[in-house]
Amino acid sequence: MPKIVHKICCGIDVHKSFVVACIAKTDKNLVTTYSKAMRFSTFTNDLRRLAKWLSDNDCKEVCMESTGKYWIPVWNVLEHTCDCVLMHPKYAKAIKGKKTDKRDANEKIQAAVDGEICAEQAEKLRIIRSHMASLTECKANLESAILNVAEKFLPQINLVSTVPGIKDFSAVAIIGEIGADMSVFETSRHLCSWAGLTPQNDQSAGKKKTTRISRAGQYIKPLLVQCALAAVKSKKNPEISNRYNAIKKRRGHKKAIIAIARMLLTAIYNILKKNEPYNAELYRKSNLPPVQREVTVEQAIFIIQRQGYLVTNST
């Protein structure tokens, strides 16, 4: 039988947004009873309620279980009225019962700003806030410098911004990579190849060895992939999400996203070349089969040969 060291004590499981506390009381017959587990948020006002709950139960011995730094605000509130001990979960004996680490979405501003910290912690927070303010100022200055340079390309940036998944600085970054003059690229395929979005055509003896994309487009390719990821999630552009889902079934997610990125870059090429905004109807019409489909004899022979048949001239 284990030795009873503290007749009244409390164990606290500390999480990011809440804590769960349970008080153990041992009577003169050495029978230990456990109170119903109480849950408190990590806002200071609720932690004060935890301290009062411990005081009402004559509990001054507290053991906290925490792996990160979430125990600090709990310690700051309880150390005035309790003897606190911090333990790693690895060395704390688990009590049978339901797990309490469910996520809680409650983060109110009024409660969050109320806190108890020492002078050293306050100074640390002041340094951190000063650093954050400096970063915010640097970001604003950098954005201002970029917009000043990009101002002369504002008409082209506005056109590119009509493409799904591309907004604000994404359009500026794309113009900065490919330029506004599409005459330097013979076709949209040349642009996609330059950006590293075109599959390789590595064949030998009629068999494809690889269809991987090249390593070109070190900066624009990741940007277009991020835009493609945003575009496929948009419900406003079913022509893109439908194409993504169709390719994903056959080739998988990664190749489908690359195909959508190539689709967006092709749209950008034509938009800048024709000086027209994005037109979703063009893509929707392209997915519809023609009413009548006629092929010439030469095209029919070519189709049959593609299927592996040998066609000979009987004349």
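Preceding this section is the structure that the text describes.
Definitions and limits used
- Residues numbered from 1 in each chain as written.
- Predicted model: local features only at pLDDT ≥ 70, side-chain atom pairs only at ≥ 80, totals over all residues.
- Heavy atoms only, no water.
- Helix = DSSP H or I, 4+ residues; strand = E, 2+ residues; numbered from the N terminus.
- Buried < 20%, exposed > 50% of the residue type's maximum accessible area, 1.4 Å probe, protein only.
- Contact = heavy atoms within 4.5 Å.
- Areas by Shrake-Rupley, 256 points an atom, 1.4 Å probe, with all protein chains shown as cover.
- Disulfide = S-S within 2.5 Å.
- Patch = residues over 30% accessible without salt bridge, like charges linked within 9 Å, V, L, I, M, F, W, Y side chains within 5 Å.
- Salt bridge = Lys/Arg side-chain N within 4 Å of Asp/Glu carboxyl O.
- Pairing = 2+ DSSP bridges.
- Right-handed = clockwise from strand over helix to strand, strands pointing away.
- Core = buried A, V, L, I, M, F, W, Y, C linked by side-chain atoms within 4.5 Å.

A.B. asks: How should I be thinking about the overall build of the protein chain in this particular structure?
C.D. replies: Along the protein chain, the regular secondary structure elements total twelve helices and eight strands. Put simply, the protein chain has 315 residues, and 28% of those count as buried. Long-range pairs, those at least 24 residues apart, make up 54% of the contacts in the protein chain between residues at least 6 apart in sequence. Entry remark: accessible area of the protein chain is about 22,900 Å², with carbon and sulfur atoms responsible for 55%.

A.B. asks: Explain the state of the cysteines here, please?
C.D. replies: By definition, a disulfide links the sulfur atoms of two cysteine residues through a covalent bond. Under the definition given, this model contains zero disulfides. In this model Cys 22 remains outside any disulfide bridge; the closest cysteine sulfur is found in Cys 10, 7.1 Å from its own.

A.B. asks: I'm lost on a nonpolar patch on the surface in this one. Help?
C.D. replies: A surface patch of nonpolar side chains, amounting to about 450 Å² of accessible area, comprises Val 297, Ile 301, Ile 304, Tyr 309 and Val 311. The topology assignment puts Tyr 309 in the segment after helix H12 (297–306).

A.B. asks: Can you walk me through unusual backbone geometry in this structure?
C.D. replies: Negative phi characterises most residues that are not glycine, and trans characterises most peptide bonds. Here Asp 168, not a glycine, exhibits a phi torsion of approximately 50°, which is positive. Looking at the element boundaries, Asp 168 is found in the loop between helix H5 (154–160) and helix H6 (169–178). We note that Asn 275 has phi near 60°; this positive angle belongs to a residue other than glycine. Within the secondary structure layout, Asn 275 lies in the loop between helix H10 (253–274) and helix H11 (280–286).

A.B. asks: Hey, could you run me through the environment of Gln 156 in this one?
C.D. replies: Within the secondary structure layout, Gln 156 lies in helix H5. Owing to a relative accessible area of 24%, Gln 156 belongs among the partly exposed residues under this scheme. For the pair Gln 156 and Pro 277, spaced 121 residues apart in sequence, the C-alpha to C-alpha distance is 9.6 Å.

A.B. asks: Help me out: how do you make sense of the pairing of strand S6 (residues 83–87) in this one?
C.D. replies: Sheet faces and side chains relate simply in a regular strand, where the side chains alternate between the two faces. Note: strand S5 (residues 61–65) against S6, five bridges, orientation parallel. Bridge pairing in S6 links Glu 65 to Met 87. Handedness of the S5-helix H2 (residues 71–78)-S6 crossover: right-handed.

A.B. asks: Mind showing me how you'd approach the nonpolar core here?
C.D. replies: As a rule of thumb, soluble globular proteins bury nonpolar side chains together. Ile 178, Leu 265 and Ile 268 are the most contacted members of the largest nonpolar core, which has 44 residues in total. Beyond its immediate stretch of four places on either side in the chain, Ile 268 contacts Val 160, Val 163, Ile 166, Ile 174, Ile 178 and Leu 224. Core analysis: the next-biggest nonpolar cluster, separate from the first, contains 20 residues, Ala 51, Cys 59, Met 64 and Cys 82 among them.

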